Each structure stands twice: as structure tokens, then as C-alpha cells.
Amino acid sequence: MKYKGSGKMTPKELLKNLGYDDDVIVKILEWYNNRLPETLNYYIEKTFNYFIKKGYTKDEIIKMTKKLPTIFGYSEENLNKKYQHFIDKGYTLEEIIKMTKLFPNIFGLSEETLNKKYQYFMEKGYTLDEIIKMTKTIPSIFSLSEENLNNKYQYFIEKGYTLEEIIKMTKILPSLFCLSEDNLNNKYQYFMEKGYTLEEIIKMTKTLPALFGYSEKNIEEKLSFYNDINLLFIAINDTKQLMQSVELSYARYMYFKEHGITIDESNYIRLFYDNKKFTKQYGITKEELLERYKYDDEKRKKL
């Protein structure tokens, strides 16, 4: 699909025709207010055609250029160099497309800036493959300053984590780099108010760093449910099980209860079998469980 033949349309009319909102059109036109209308139309059409050939959809291009209108001014040579930079590092084209859809500002970062970020993490102890995995997930890491990153490492070190533990956590959950200290402090405060010590919180978050990203409501429901069925010990001793949704844990618990199976410390791991193993052993799928035993806060209180 090609975008051409804007004819006598003004840039505003062309952008409107492509599907941009008025406020975004104003923003784009402000960036290019010195361009002749026909020149701007050419760049708009050229940009759409370039990205369509790369595999982006029209809506994805609109979303990217809304976030970064300057993309319209980038030459094909400039864009091709950026793709080649990442391919040479070890990313696939599909991964680059996904990254740029999430964080189009990556097109505006120089190779020097990108290479410095790779060097920074390698000096910390990460491998290139680990850096690629992190930045595929959270490409905005490329835009974080070294000062910002250093502050995050120092924050966790002052809490009591080792550098090796921080590296392991950030490899699992690279979005840790993007969480504010206020957000992190609130999570520590939440657990402390629940009665956990700092040492216990460190142990839990080293095992499951995703706890920092879970909402308090999510954690509250899980802790409350496991407390009701006398399995709260898993929060500290088997923290990774908190990944499972409370809805699925409840459904499995009720299934066992109906079949006369008591779940306790000796066999609680059955609640957390992977779906394939659970279905094979008990003959019921995740979907069937969730449909049969729908999680309801009032029902749960009657356990």
C-alpha cells in the first residue's frame, strides 16, 4: 500500500485524511512551519511508504509519529543506518520494529549514545545478549542517563542488595530502571506495614522482582487469600508462586476441596503446577476451572 498523490491537499488536510487528531496535527505543523506545503506532503508520504515497506501498519506509523513528529524529517539513509545498527548488534528486524513502536524516540538517539549505553551495562557485568533482552523489553532504557541509572543501583545497594543481586533483578524486570524512588519506597512501606522486615522484603523481591510492579490491590488479594487457606508462608519461602493469579489459585483450591483433597504445607505445590501438568494429572483445563469456580471476594471470605 502506498501513500501518494496528495494533489492540492494542504499538509493539514493530508494529515487529517491519514487519521491524525487536530491537536496532533497542530504539533506536527509547528515542527515543520518553515517547510513549503508540497515539501511537507512529500516527507509525510515518503515516511508512510518507508515504514509500510518495513512492516508497520498505518495505525502504528500514526502512533509513532504522534510521539515523535520529527520522524517525518529523517532521511531513509538515517533510518536505514539505525536499523542496521541494531541488526549488527544482534536484534532481528521484528524485534527492532517492536522496540520502535514502543519507543519511537530511539530513532532520534545517536549511535554514540546507544553504544555508550551498551558499554555502561557491560562494565556493570551484563552480557550483550542480556542487554539486548532488556532493551527489547524496555527500549526506553536507552534514553536513561548514567546518573539516573547510577542512582537506581545506589538506591538498592543502600537498601541492602548486592550489585550481583541488582543485576539479576534488572535482567528479570528491566522496568525496575524506570520506577521512581517514590514508587519503590511505597512498596517497601506497604510490606513493612504488613509486618514484613526489610530483610524479608529483600528476600522476596530478589526472588520475584515483579512485586515492585504489582499493584497493592493485586498483592493484597493474594496475601489475604493465602492467609485464609494457611499458606501465607509462601510469600517469604516460595515467593515466585505469587506470580500466579489469585483467580486461578482460588479455582484450583476449590477443585481440590470439592474432591476431598486438603491442601497444606506438604502438598501446596499442586496449586502451582503449570497448566499442562495440572490438566494431564487432574483432567480439567485452566479455562474450565476458571469458569466453574469463579473468584468472588464474598465467596472467598467463607473459606
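Residues numbered from 1 in each chain as written. Predicted model: local features only at pLDDT ≥ 70, side-chain atom pairs only at ≥ 80, totals over all residues. Heavy atoms only, no water.

Chemist: Please set out the overall build of the protein residue by residue, giving values where relevant.
Modeler: A count of helical and extended segments in the protein gives 18 helices and zero strands. Its C-alpha atoms give the protein a radius of gyration of 25 Å, more than 25% over the compact-globule value 19 Å for 303 residues. Along the first, second and third principal axes, the C-alpha set of the protein runs to 75 × 45 × 35 Å. Counting over 303 residues, the protein shows a buried share of 43%. Restricting the contact set of the protein to residue pairs at least 6 apart, pairs at least 24 apart contribute 72%. Summed over its atoms, the accessible surface of the protein is roughly 16400 Å², and 49% of this surface lies on carbon and sulfur atoms. If the 48 positive side-chain charges of the protein are averaged to one point and the 45 negative ones to another, these points end up 4 Å apart. (Helix = DSSP H or I, 4+ residues; strand = E, 2+ residues; numbered from the N terminus. Rg over C-alpha atoms; globule rule 2.2 N^0.38 Å. Buried < 20%, exposed > 50% of the residue type's maximum accessible area, 1.4 Å probe, protein only. Contact = heavy atoms within 4.5 Å. Areas by Shrake-Rupley, 256 points an atom, 1.4 Å probe, with all protein chains shown as cover. Lys, Arg positive; Asp, Glu negative; His and termini not counted. Charge placed at Lys NZ, Arg CZ, Asp CG, Glu CD.)

Chemist: Outline the side chain of T100, supporting the account with residue identities and numerical values.
Modeler: Among the structural elements, T100 can be located in helix α6 (residues 93-102). Setting aside anything within four residues of it in sequence, one finds T100 in contact with Y56, M64, I106 and F107.

Chemist: Can you explain the nonpolar core? Please cite residues and give values.
Modeler: In this structure, Y20, F51, F107, F121 and F156 are the most contacted members of the largest nonpolar core, which totals 97 residues. Per element, the largest residue contribution to this core is seven residues, and it comes from helix α15 (residues 246-258). Those residues in contact with F156, other than ones at most four positions away along the chain, are Y161, I166, M169, L176, L184, Y188 and F212. (Core = buried A, V, L, I, M, F, W, Y, C linked by side-chain atoms within 4.5 Å.)

Chemist: With reference to specific residues and values, describe helix α9 (residues 146-159).
Modeler: Between its first and last C-alpha atoms α9 spans 20 Å; for 14 residues at 1.5 Å apiece the expected length is 20 Å, and the two agree. Here α9 has its buried residues at L149, K152, Y153, Y155 and F156. Relative to the axis of α9, the buried residues are bounded by an arc of 150 degrees and lie together on one face. Exposed and oriented more than 90 degrees from the buried face of α9 are E147 and E158. Summarising the contacts, the buried residues of α9 are in contact with α7 (111-124), α10 (163-172) and α11 (181-193). Just past α9, the residue G160 takes up positive phi, approximately 125 degrees. (Expected span 1.5 Å × (residues − 1). Arc of directions from axis to C-beta.)

Chemist: So what's going on with the confidence of the model for the protein? Residues and values would help.
Modeler: Scored by pLDDT, the protein comes out at a mean of 92, with 94% of its residues at no less than 70. For the protein, per-element mean pLDDT is lowest for helix α18 (residues 297-301), which scores 58, and highest for helix α12 (residues 198-207), which scores 98. (pLDDT = per-residue confidence, 0-100.)

Chemist: Describe the packing of α6 against helix α8 (residues 128-137), and please don't skip the residues or the numbers.
Modeler: Where α6 contacts α8, the axes come no closer than 8 Å and their chain directions differ by 45 degrees. Taken together, the axis directions place α6 and α8 in an arrangement best described as oblique. Two secondary-structure elements touch here, α6 through E95, M99 and L102 and α8 through T135, K136 and T137. Residue composition of the contact of α6 with α8, grouped by class: two nonpolar, two polar and two charged. (Axes fitted to C-alpha atoms, helices over the stretch in contact; angles between N-to-C directions. Parallel < 35°, antiparallel > 145°, perpendicular 65-115°, else oblique. Nonpolar A, V, L, I, M, F, W, Y, C, P; charged D, E, K, R; others polar.)

Chemist: Can you lay out the packing of aromatic side chains for me, pointing to particular residues and giving the numbers?
Modeler: Enumeration according to the criterion identifies 35 aromatic pairs in this entry. The residue whose ring lies beneath K159 is Y188, and the NZ or CZ to ring-centre distance is 4.4 Å. When the ring centre of F278 is taken as origin, the NZ or CZ atom of R252, which lies over that ring, is 4.2 Å away. (Phe/Tyr/Trp six-rings, centres within 6.5 Å; stacked < 30°, edge-to-face > 60°. Lys NZ or Arg CZ within 6 Å of the ring centre and 35° of its normal.)

Chemist: Any chance you could break down the packing of α11 against α12 for me, citing the residues and the numbers?
Modeler: Two quantities define a packed helix pair, namely the angle between the axes and the distance from one axis to the other. Packing of α11 against α12 brings their axes to within 10 Å, and their N-to-C directions diverge by 120 degrees. Viewed along their axes, α11 and α12 adopt a mutual orientation that is oblique. Once α11 is placed against α12, the crossing between them reads as right-handed. In contact with Y188, F191 and M192 of α11, α12 contributes L198, I201 and M204. For the contact of α11 with α12, the residue count by class is six nonpolar, no polar and no charged. (Left-handed = near helix turned anticlockwise from the far one by under 90°.)

Chemist: Outline unusual backbone geometry, listing residues and values.
Modeler: A positive phi angle is found at N230, which is not glycine, with a value near 60 degrees. One can find N230 in the loop between α13 (216-228) and α14 (234-237). The class of N230 is exposed, set by a relative accessible area of 66%.

Chemist: Now, about the pattern of salt bridges: what can you tell me, with residues and values included?
Modeler: Using the criterion set out here, one finds eleven salt bridges in the structure. We note a salt bridge from D21 to K66, for which the minimum N-O separation is 3.7 Å. You can see D21 sitting in the loop between α1 (11-18) and α2 (22-31) and its partner K66 sitting in helix α4 (residues 58-67), a full 45 residues away along the chain. A salt bridge links E77 to K81, with the nearest nitrogen and oxygen atoms 3.7 Å apart. Here the residue E77 and the residue K81 both occupy positions in helix α5 (residues 76-89), the gap between them amounting to four residues, near one helical turn. Classification of E77 as exposed rests on a relative accessible area of 53%. (Salt bridge = Lys/Arg side-chain N within 4 Å of Asp/Glu carboxyl O.)

Chemist: Hey, could you go over the side chain of R252 for me, with residue numbers and the actual values?
Modeler: Here R252 is to be found in helix α15. For the buried residue R252, which engages in no salt bridge, the nearest side chain bearing the opposite charge is D274, 6.8 Å off. A distance of 2.7 Å separates the side chain of R252 from the backbone oxygen of Y273, its partner in a polar contact. The contacts of R252, once residues within four sequence positions are left out, are Q244, R270, L271, F272, Y273, D274, N275, F278 and L289. (Polar contact = N/O pair within 3.5 Å; in protein donor to acceptor, adjacent residues only side chain to side chain.)

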